[in-house]
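Examination of the molecular architecture
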Amino acid sequence: MHTARKVVLLSIKHSLQRSQYYSTWTKIPFSQLSKEAKGPAILATNVIKSFFEKGLISQARVLFDEMPERDVVMWTAMIAGYTSCNHHVHAWTVFCEMVNKGVNPNAFTLSNVLKACKSLRYLACGGLVHGMAIKHGLEGSLYVDNALMDMYATSCVSMEGACSVFREMKEKNMVTWTILITGYTHRGDAYGGLQIFREMLLEEAELNSHSFSIAIRACAMIGSNTFGRQIHAAVIKNGLGSNLPVMNSMLDMYCRCGFLSEANEYFHGMTEKNLITWNTLIAGYERLDLKESLNVFSKMESEGFSPNCFTFTSITAACANLAVLNCGQQVHGGIIRRGLQGNVALANSLIDMYAKCGSIADSRKIFSEMPERDLVSWTSMMIGYGAHGYGKEAVELFDEMVRSGIRPDRIVFMVVLTACSHAGLIDEGLRCFESMSSYNVTPDQEIYGCVVDLLGRAGRVEEAYQLIESMPFNPSESVWGALLGACKAHKLPKLGKLAALKVLDLMPNKVGAYVILSNIYAAEGKWGEFARMRKLMRRTGSRKEPARSWIEVKNQVYSFVVGNKVGSNTEWVFGVLELLILHMKEAGYMPDIDCLIHDLEDGT
């Protein structure tokens, strides 16, 4: 009896000493811990929670392991702590330990371990937890049911599991509805998400800012400005018109739907703005109005907002697509000044920008200086090499990437095949094509189109046609289009007619195919067929889109459109053009005008 009492006193003394030590770590006054604690287990549980809140994960585990008695609350604190710190495997392991020791879980235990299953995409484990919930009579708990729905919505191939739980629930709250809307939207089913949101409105369920934000995102995904306006009205009706996250979602919806004037009006009417607001508008303009995105960026800085990686990614893309090198260099300087040059996504966008602006050497410099590279880094550099005609360098970079341990995907193979095609590297391109099976990449229509173009440019047109005939699926318009281009370049009218008819059969409004086919008939003297093709082309109401090019001179971008003779410095431009034509003639170049003379009547 005396020995037992001594052990208890020593245990209490040890717990008090340890509590004093933990109070030093957690900055929680010891007196407060002692007052709230009803025993060493409760005190230890509170300290464990404090450790996880401060990121002291190993200390929490040490304390947990040293406790002689652990109740379900302490086990749950460990599971919840690991889950909150994204140590989901450890959370699942602790849960299994708890079950093996015969401790029955409560609703909070199951809801937390289900979060871990969701993050790990452990559908089988989530199903086991669902079974335990039924066994212990916890399936009707709102916390458990919401967690089950979230797990099924994230981990299953369809929404059926989540909907099944939803239908059986006797009690629902705003979190329940939001989980279901989010599940549909995140898997790309925007219409399904909007249908659930509509049911939520009809049942007059409580709404929050997150529900509206997800519904607005669904509208943006399907480009439905009509649905978006209706939700906008509901936002105002529910008193969330001044909620910043909701306002940012509305702005993004108008941008993604292509209604930039409405987006701009909404932006200027916003009572509050943050960096996300500006980034949203800049990204919207970057997709549809490149120059205006640069203007918005300047306004943002003038109003005291400091750009982040997302801002610079959009602006760098705008500079790349405008091919304004000087502006891109200034943006690059801003990235360095803010110490953001180590960001992989930003470095990737800079590689793309310099390549599109004609400075492939700067692209390579940035690529070489990157401390770490992802698949996009290698792909961007290969695209740059291919666009500049450096097919050999693109192939060498591909081989280097494979040696570094990064597996190529379908896009990488397309890039390398295109680079080989433009550089005339037939054997290298075919080797690349044949190696696709080694990386479990199955050739699709676009890949076959690249190989057809590769063979066609090299004059191996019959071989390209045989490849089309051997394809495991019906060739698309783009595949036949690649063959048609090869037939035109190598003057093969018989095969060209076949390719053109295939293109028109798949895409009747393809103006270029009508033009080539009619010109083939004209070259053969079949003027009746020529007239018939031109008549069919006019019926489509389509016209060949005129080519446009632009150049930056002294920070000014000059744009040129085919046939346009109005504009500043036009006389100088045509003077230089005549000089170029003269040099071309002296070099012995003979233009192919057979396919052009019959386009004049259509202005194409």
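Structure first, text after, so check above.
In this report, the structure presented in the accompanying data block is examined. From a predicted model like this one, the values you see are computed outputs, not experimental measurements.

1. Some words on the overall build of the protein
Across its full length, the protein carries 33 helices and two strands. Residue burial in the protein is summarised as follows: out of 604 residues, 44% are buried. For the protein, the share of sequence-separated contacts (at least 6 apart) that also reach a separation of at least 24 residues comes to 58%. About 32400 Å² of surface is accessible on the protein, with carbon and sulfur atoms providing 55% of the total.

2. Some words on the packing of helix α4 (residues 57–66) against helix α5 (residues 72–84)
Between α4 and α5, the shortest axis-to-axis distance is 11 Å and the interhelical angle comes to 165°. Relative to α5, the element α4 is oriented roughly antiparallel. When you trace α4 past α5, the crossing you get is left-handed. Contacts between α4 and α5 involve I57, A60, R61 and F64 from the first element and M74, W75, M78 and Y82 from the second. Split into classes, the residues belonging to the contact of α4 with α5 amount to seven nonpolar, no polar and one charged.

3. Digging into the environment of F473
You can see F473 is positioned in the loop between α28 (461–469) and α29 (477–489). Under the relative-accessibility criterion, F473 is labelled partly exposed at 29%. The spatial distance from the C-alpha of F473 to the C-alpha of Q445 is 8.5 Å, given a sequence separation of 28 residues.

4. A few points about the packing of aromatic side chains
Tallied over the entire structure, the rule returns 17 aromatic pairs. Between F267 and W278, the ring centres sit 4.8 Å apart and the planes meet at 75°, which makes this aromatic pair edge-to-face. Placement of the pair is F267 in helix α16 (residues 260–269) and W278 in helix α17 (residues 275–288), with a sequence separation of 11 residues. This pair shows no difference in class: F267 is buried, exactly as W278 is. Linked through ring pairs, F267, W278 and F305 together constitute an aromatic cluster. The cationic tip of K172 hangs over the ring face of F166; the distance from NZ or CZ to the ring centre is 4.7 Å. Sitting over the face of the ring of F367, R373 holds its NZ or CZ atom 4.2 Å from the ring centroid.

5. Considering the nonpolar core
One finds I48, F95, L180, F212, I231, M382 and L483 to be the most contacted residues of the largest nonpolar core, which totals 182 residues. Per-element accounting of this core gives the leading share, nine residues, to helix α31 (residues 511–523). What F95 contacts, discounting residues up to four positions off in sequence, is I79, P105, T109, L110, V113, V129 and M132.

6. Description of a nonpolar patch on the surface
Together, I551, V553, F560, V573, F574, V576, L577, L580, I581, M584 and Y589 give the surface a local cluster of nonpolar side chains, amounting to about 910 Å² of exposed area. Mapped by element, the contributors of at least two residues to the nonpolar patch are β1 (548–553) and α33 (570–586). With seven residues, α33 is the single largest residue contributor to the nonpolar patch. Residue placement: L580 occurs in helix α33.

7. Remarks on the pattern of salt bridges
For the structure shown, the criterion picks out 14 salt bridges. Taking the shortest distance from any N to any O, the salt bridge between E262 and R229 comes out at 3.3 Å. Here the residue E262 occupies a position in helix α16, and R229 occupies one in helix α14 (residues 225–237), the gap between them amounting to 33 residues. Residue class for E262 comes out partly exposed when judged on its relative accessible area of 22%. Notably, a salt bridge pairs R410 with E446, separated by 2.7 Å at the nearest N-O pair. Here R410, found in helix α25 (residues 410–423), pairs with E446, found in helix α27 (residues 445–457); they are 36 residues apart in sequence, far enough to count as distant. Residue classification places R410 among the partly exposed residues on the basis of a relative accessible area of 29%. For E446, a relative accessible area of 42% puts it in the partly exposed group. Each of R61, D65 and E97 takes part in a single network of salt bridges with overlapping partners.

8. Describing α16
The complete set of buried residues in α16 reads L260, A263, Y266 and F267. Within α16, the buried residues cover an arc of 120° as seen down the axis, which keeps them to one side. Every exposed residue of α16 that faces more than 90 degrees away from the buried side is listed here: S261, E265, H268 and G269. For α16, the secondary structure elements touched by its buried residues are α14, α15 (244–256) and α17.

9. So, the state of the cysteines
Inspection of the entire model under this criterion finds zero disulfides. Cysteine C117 remains unbridged, with the sulfur of C125 as its closest cysteine sulfur at 5.4 Å. Counting only cysteine sulfurs, C319 is the nearest neighbor of C327, a cysteine outside any disulfide, at a range of 3.5 Å.

10. Description of helix α12 (residues 190–202)
Given a rise of 1.5 Å per residue, 13 residues ought to cover 18 Å, and the 18 Å separating the end C-alpha atoms of α12 matches this to within 8%. Within α12 the residues assigned to the buried category are A190, G192, G193, L194, I196, F197 and M200. Considering only its buried residues, α12 is in contact with α11 (174–186), α13 (209–222) and α14. Phi turns positive one or two residues past the end of α12, at E204, with a value near 55°.

11. Describing unusual backbone geometry
At N86, a residue that is not glycine, the phi angle is positive and equals roughly 65°. Of note, N86 is situated in the loop between α5 and α6 (88–100). For R121, which is not glycine, the phi torsion reads 55° and is therefore positive.

12. A closer look at the packing of helix α7 (residues 107–120) against helix α9 (residues 142–155)
The contact between α7 and α9 brings their axes to 8 Å, and the two run at 10°. In this view, α7 runs roughly parallel relative to α9, as classed from their interaxial angle. Contacts from A107, F108, L110, S111, L114, C117 and K118 of α7 reach α9 at Y143, V144, A147, L148, D150, M151, T154 and S155. Classifying every residue of the contact of α7 with α9 by side-chain character gives 10 nonpolar, three polar and two charged.

13. Quick notes on the side chain of E286
With respect to the element layout, E286 can be found in helix α17. The buried charged residue E286 lacks any salt bridge partner; its closest oppositely charged side chain belongs to R287, at an N-O distance of 5.6 Å.

Parameters at a glance
Residues numbered from 1 in each chain as written. Predicted model: local features only at pLDDT ≥ 70, side-chain atom pairs only at ≥ 80, totals over all residues. Heavy atoms only, no water. Helix = DSSP H or I, 4+ residues; strand = E, 2+ residues; numbered from the N terminus. Buried < 20%, exposed > 50% of the residue type's maximum accessible area, 1.4 Å probe, protein only. Contact = heavy atoms within 4.5 Å. Areas by Shrake-Rupley, 256 points an atom, 1.4 Å probe, with all protein chains shown as cover. Axes fitted to C-alpha atoms, helices over the stretch in contact; angles between N-to-C directions. Parallel < 35°, antiparallel > 145°, perpendicular 65-115°, else oblique. Left-handed = near helix turned anticlockwise from the far one by under 90°. Nonpolar A, V, L, I, M, F, W, Y, C, P; charged D, E, K, R; others polar. Phe/Tyr/Trp six-rings, centres within 6.5 Å; stacked < 30°, edge-to-face > 60°. Lys NZ or Arg CZ within 6 Å of the ring centre and 35° of its normal. Core = buried A, V, L, I, M, F, W, Y, C linked by side-chain atoms within 4.5 Å. Patch = residues over 30% accessible without salt bridge, like charges linked within 9 Å, V, L, I, M, F, W, Y side chains within 5 Å. Salt bridge = Lys/Arg side-chain N within 4 Å of Asp/Glu carboxyl O. Arc of directions from axis to C-beta. Disulfide = S-S within 2.5 Å. Expected span 1.5 Å × (residues − 1). Lys, Arg positive; Asp, Glu negative; His and termini not counted.

Purely geometric numbers; function is a separate question.
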